[in-house]
Amino acid sequence: TFFVDLPGLEERQKILEIHIRKRGRDPALFDLVSLAKICDQFSGAEIEAAILSGMFAAFEAEQELETSHVGEAIGQTVPLAQTAREKLEHSS
């Protein structure tokens with residue numbers, strides 16, 4: 001077992017960009033800086049999950065995926081870094 005730190009701001013922006021592009025969307029149409037700021041303490045997998053949740057919400061509303069959909073999904077997610085804070089602090 002080894003410890004891998006959470007991504008920083010620039011890394012979160014890149015993760016968002018990668019997963020938005022992977023879903024066939026243009027990352028330039030999203031406010032990646034704002035999204036990266038609000039998903040502080042998120043792992044890469046949690047960021048990807050928020051994008052997927054945002055996509056489901058957009059599709060359900062019969063809309064194209066937008067920054068607001070992803071931002072809302074991020075806001076509804078409690079990252080593992082918060083729910084398991086003691087265990088993570090002990091590991092590092």
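Before reading further, recall that the structure is shown in the block above.
Read on for a plain summary of the structure. (Residues numbered from 1 in each chain as written. Predicted model: local features only at pLDDT ≥ 70, side-chain atom pairs only at ≥ 80, totals over all residues. Heavy atoms only, no water.)

### What about the nonpolar core?
Right, so step 1: Counting 18 residues, the largest nonpolar core has Leu 16, Cys 39, Ile 47, Ile 51, Leu 65, Val 70 and Ile 74 as the members making the most contacts within it.
Right, so step 2: Residue assignment for this core shows that the elements contributing at least two residues are helix H1 (9-22), helix H2 (32-38), helix H3 (44-60) and helix H4 (67-75).
Right, so step 3: A per-element tally of this core places H3 first, with five residues. (Core = buried A, V, L, I, M, F, W, Y, C linked by side-chain atoms within 4.5 Å. Buried < 20%, exposed > 50% of the residue type's maximum accessible area, 1.4 Å probe, protein only. Helix = DSSP H or I, 4+ residues; strand = E, 2+ residues; numbered from the N terminus.)

### Description of the packing of H3 against H4
If you want to describe how two helices pack, look at the angle between their axes and the distance between the axes.
Right, so step 1: Remark: H3 packs on H4, axes separated minimally by 8 Å, with the N-to-C direction vectors making an angle of 120°. If you check the angle between H3 and H4, you find them oblique. The element H3 and its partner H4 pack so that their crossing is right-handed. Between H3 and H4, the residues in contact are Ala 50, Ile 51, Ser 53, Gly 54, Ala 57 and Ala 58 and His 69, Val 70, Ala 73 and Ile 74, respectively.
Right, so step 2: A class-by-class count of the residues in the contact of H3 with H4 yields seven nonpolar, three polar and no charged. (Axes fitted to C-alpha atoms, helices over the stretch in contact; angles between N-to-C directions. Parallel < 35°, antiparallel > 145°, perpendicular 65-115°, else oblique. Left-handed = near helix turned anticlockwise from the far one by under 90°. Contact = heavy atoms within 4.5 Å. Nonpolar A, V, L, I, M, F, W, Y, C, P; charged D, E, K, R; others polar.)

### Focus on the environment of Gly 71
Right, so step 1: Inspection of the secondary structure assignment puts Gly 71 in helix H4.
Right, so step 2: Among all residues touching Gly 71, those that are not within four sequence positions of it are Leu 35 and Ile 38.

### Thoughts on the pattern of salt bridges
Right, so step 1: Within the structure shown, the criterion is met by six salt bridges.
Right, so step 2: For Lys 14, the salt bridge identified is with Glu 17, shortest N-O distance 3.6 Å. Of the two residues, Lys 14 and Glu 17 both sit in helix H1, three residues apart, roughly one turn of that helix.
Right, so step 3: You can call Lys 14 partly exposed: its relative accessible area is 44%.
Right, so step 4: The closest approach of N and O atoms between Glu 17 and Arg 21, which form a salt bridge, is 3.1 Å. You can see Glu 17 and its partner Arg 21 sitting in helix H1, four residues apart, about one turn around the helix.
Right, so step 5: The partly exposed category is assigned to Arg 21, whose relative accessible area is 47%.
Right, so step 6: When salt bridges that share partners are traced, they join Lys 14, Glu 17 and Arg 21 into one network. (Salt bridge = Lys/Arg side-chain N within 4 Å of Asp/Glu carboxyl O.)

### As for unusual backbone geometry
Right, so step 1: Positive phi, normally seen in glycine, also occurs at Gln 41, with a value near 75°.
Right, so step 2: Of note, Gln 41 is situated in the loop between H2 and H3.
Right, so step 3: You can call Gln 41 partly exposed: its relative accessible area is 24%.

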